[in-house]
Amino acid sequence: DLHYPLRRQRQMCIRDSLLSLQEGGSLQLQDIADVYRGEPDSPSELAFFDGDRGVAIAARMLPDFRGDKWTADVRTVAAELSAALPEEIVLEELFVQERYTDIRLRELLGNIALGFCLIFVILLFTLGWRSAVVVALSLPLTMLFALAVMRFVALPIHQMSVTGLIVALGIMVDNAIVVTDTVMRYRREGVGVVRAAARTFGHLWVPLLGSTLTTVLAFMPMVLMPGPAGEFIGGISLAVIGSLIGSWLISLFIIAPLAGRWLSPTQGHGLELPQLGRLFSRTLGWVLRAPRLTLSLI
């Protein structure tokens, strides 16, 4: 121990401290007390691991580091330190946050894959396979946009932000479904590829923007919430808001042109229920003939 001589010198200085007596003369501290270096008789904190005394060391990474790489570096340093320790001292890993983050990321990827499959299967029966492919492509694109927004606003990928992405899975494809169906309707009317996409954009960008902004504003109180509660749940709202904005942009500027180019006016319509359509037509005719009665019933 290189510091042992210095500590020994300090102890000797304390032992040699002079104490003045009221009746005259002086004594050294070592004449009336034992001076030594050791643990306090009543330590304020103790650490026990499996019944044995130990020392607990906690380390936290900076926000701009990746958890998996940082954890790997810490484990490398810990392994080097453990190899240099005496046999009676054991270095053990008690808790690592990265395990739970890795589980959440895997759950996110699983939810994305499951959502992609469910959306594709449902749209396959309702809109046809070409429309199903176009709409399903909006899901990974919107997810990538949301991750880019999280990077831009310095929101790390942690349990709350990942939860927000999972929450947003169900609303990411709403705009894409509306845009794809509108493009398909124009294509069946004989409108050209470019014209169908342009008319869809001009007809839908304001309504879809309005519906997107209303949902964004619904999540804003969570973002603006002050204090620890806002810091805790704000990541959910920011992830959802990024997904909503990405859904609006991707649906109008990517899905609409892609649908116009990919969808054929002669393709299948997907699920068709003629009886339900005739019932709706009769109901609509009755509603238009008696609007006041309809409003009263509603």
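Caption draft 1: Highlighting the overall build of the protein. The helix and strand inventory of the protein stands at 10 helices and four strands. Seen in sequence order, the protein has helices and strands lined up from the N terminus as α-β-β-β-β-α-α-α-α-α-α-α-α-α. Overall, the protein is about 120 × 50 × 35 Å in size when its C-alpha atoms are taken along their principal axes. Counting the 298 residues in the protein, one finds 26% classified as buried. For the protein, the proportion of contacts with a sequence separation of at least 24, taken over those separated by at least 6, is 63%. Here the protein displays about 20600 Å² of accessible surface, and carbon together with sulfur accounts for 64% of that area.

Caption draft 2: Fine view of the side chain of Ser-247. One can find Ser-247 in helix α8 (residues 227-262). One polar contact links Ser-247 to Asn-175, side chain to side chain, over a distance of 3.3 Å. For Ser-247, the residues in contact, after removing those within four places along its chain, are Thr-142, Ile-171, Met-172 and Asn-175.

Caption draft 3: Representation of helix α4 (residues 129-152) in the model. For α4, built from 24 residues, the straight-helix expectation of 34 Å at 1.5 Å per residue is met to within 8% by its first-to-last C-alpha distance of 35 Å. Within the span of α4, buried status applies to Ser-131, Ala-132, Val-134, Val-135, Ala-136, Ser-138, Leu-139, Thr-142, Met-143, Ala-146 and Met-150. Buried residues in α4 make contact with α3 (97-126), α5 (159-168), α6 (174-188) and α8. Among the residues trailing α4, Ala-154 stands out with phi positive, at a value near 60 degrees.

Caption draft 4: Broad picture of the packing of aromatic side chains. With the rule as written, the count across this model stands at two aromatic pairs. Pairing Trp-129 with Trp-262 gives two aromatic rings, centres 6.0 Å apart and planes at 90 degrees, and the pair type is edge-to-face. Taken together, the positions of Trp-129 in helix α4 and Trp-262 in helix α8 put the pair 133 residues apart, joining distant regions of the chain. Classification of Trp-129 as partly exposed rests on a relative accessible area of 48%. Look at Trp-262 and you get partly exposed, because its relative accessible area is 35%. Seen in terms of ring centroids, Phe-201 and Phe-253 are 5.4 Å apart; in terms of plane orientation they differ by 65 degrees. Their pairing is edge-to-face. On the criterion of sequence distance, the pair formed by Phe-201 in helix α7 (residues 193-224) and Phe-253 in helix α8 is long-range, its members being 52 residues apart. Accessibility expressed as a relative area gives 30% for Phe-201, which makes it partly exposed. A cation over an aromatic ring shows up here: Arg-185 above the ring of Tyr-186, its NZ or CZ 4.8 Å from the ring centre.

Caption draft 5: Summary view of the packing of α6 against α7. Packing of α6 against α7 leaves a shortest axis separation of 9 Å and a crossing angle of 150 degrees. For the pair α6 and α7, the crossing hand works out as right-handed. Contacts between α6 and α7 involve Asn-175, Val-178, Val-179, Thr-182, Val-183, Tyr-186 and Arg-187 from the first element and Val-193, Ala-196, Arg-199, Thr-200, His-203, Leu-204, Leu-208, Ser-211 and Thr-212 from the second. Looking at the contact of α6 with α7 residue by residue, the classes come out as eight nonpolar, six polar and two charged.

Caption draft 6: A look at the confidence of the model for the protein. Here the protein shows a mean pLDDT of 84. Residues at 70 or above account for 94%. No element of the protein has a lower mean pLDDT than helix α1 (residues 4-15), at 60, and none a higher one than helix α10 (residues 291-297), at 92.

Caption draft 7: Molecular detail of the side chain of Arg-187. With respect to the helices, strands and loops of the structure, Arg-187 is situated in helix α6. Here Arg-187 is buried and forms no salt bridge, its nearest opposite-charge partner Glu-189 lying at an N-O distance of 11 Å. At a separation of 2.8 Å, a polar atom in the side chain of Arg-187 contacts the main-chain carbonyl oxygen of Val-191.

Caption draft 8: Quick peek at the nonpolar core. Within the largest apolar cluster, 41 residues are counted, with the highest numbers of intra-cluster contacts made by Met-143, Leu-165 and Val-179. Put simply, the parts of the chain that give this core at least two residues each are α3, α4, α5, α6, α7 and α8. Top element by residues in this core is α8. It accounts for 10 residues. In this structure, Val-179 is in contact with Thr-200, Leu-204, Leu-208, Ser-251, Leu-252, Ile-255 and Ala-256, ignoring residues within four places of it in sequence.

Caption draft 9: Layout of the pattern of salt bridges. Overall, the coordinates contain three salt bridges when judged by the stated rule. Between Arg-75 and Glu-93 there is a salt bridge; the shortest N-O distance is 3.0 Å. With Arg-75 in helix α2 (residues 67-84) and Glu-93 in the loop between α2 and α3, the pair connects residues that are 18 residues apart, well separated along the chain. The partly exposed category is assigned to Arg-75, whose relative accessible area is 38%. We classify Glu-93 as partly exposed; its relative accessible area is 40%. Taken together, the shared-partner salt bridges in this structure form one network comprising Arg-75, Glu-93 and Arg-99.

Reading the values: rules and limits
- Positions within a chain are numbered from 1, following the residues in the order the chain's sequence is written.
- Per-residue local features are limited, in this predicted model, to residues with pLDDT of at least 70; the limit for side-chain atom pairs, both in listing and counting, is 80 or more; totals at the level of whole chains, interfaces and linings are taken over all residues.
- As a rule here, side-chain values cover all heavy atoms of the structure and leave hydrogens and water aside.
- Helical segments are the DSSP runs of H or I of at least four residues, strand segments are the runs of E of at least two, and each set is numbered from the N terminus.
- For the exposure calls, accessible area comes from a 1.4 Å probe over protein chains only, and a residue counts as buried if that area is under 20% of its type's maximum, exposed if over 50%, partly exposed in between.
- Any two residues whose heavy atoms approach within 4.5 Å at even a single point are treated as in contact.
- In this description, accessible areas are obtained by the Shrake-Rupley approach with a 1.4 Å probe, and a residue is regarded as covered only by the protein chains that are shown.
- N or O atoms closer than or at 3.5 Å make up a polar contact, with two conditions inside protein: a donor-capable atom paired with an acceptor-capable one, and, for residues adjacent in sequence, both atoms drawn from side chains.
- In this analysis, the expected span of each helix is defined as 1.5 Å times one less than the number of residues it contains.
- When two rings of Phe, Tyr or Trp (its six-membered ring) have centres within 6.5 Å they constitute a pair, described as stacked for plane angles under 30 degrees, edge-to-face for angles over 60, and tilted for the intermediate range.
- Only when the NZ of Lys or the CZ of Arg is both within 6 Å of the ring centre and within 35 degrees of the ring normal is a charge said to sit over the ring.
- For every element, the axis is a line fit to its C-alpha atoms; helices are fit only across the contacting stretch, and the angle between N-to-C directions ranges from 0 to 180 degrees.
- Here is the rule for handedness: rotate from the far helix to the near one, and if that takes an anticlockwise turn smaller than a right angle the crossing is left-handed, while a clockwise turn gives right-handed.
- Amino acids are sorted into nonpolar (Ala, Val, Leu, Ile, Met, Phe, Trp, Tyr, Cys and Pro), charged (Asp, Glu, Lys and Arg) and polar (every other residue, Gly among them).
- How sure the predictor is of each residue is captured by pLDDT, a score from 0 to 100.
- Here Asp and Glu are counted as negative and Lys and Arg as positive; His is not counted, and neither are the chain ends.
- Any carboxyl oxygen of Asp or Glu within 4 Å of a side-chain nitrogen of Lys or Arg constitutes a salt bridge here.
- The nonpolar core is taken to be a set of buried Ala, Val, Leu, Ile, Met, Phe, Trp, Tyr and Cys residues, with the residues joined through side-chain atoms within 4.5 Å.

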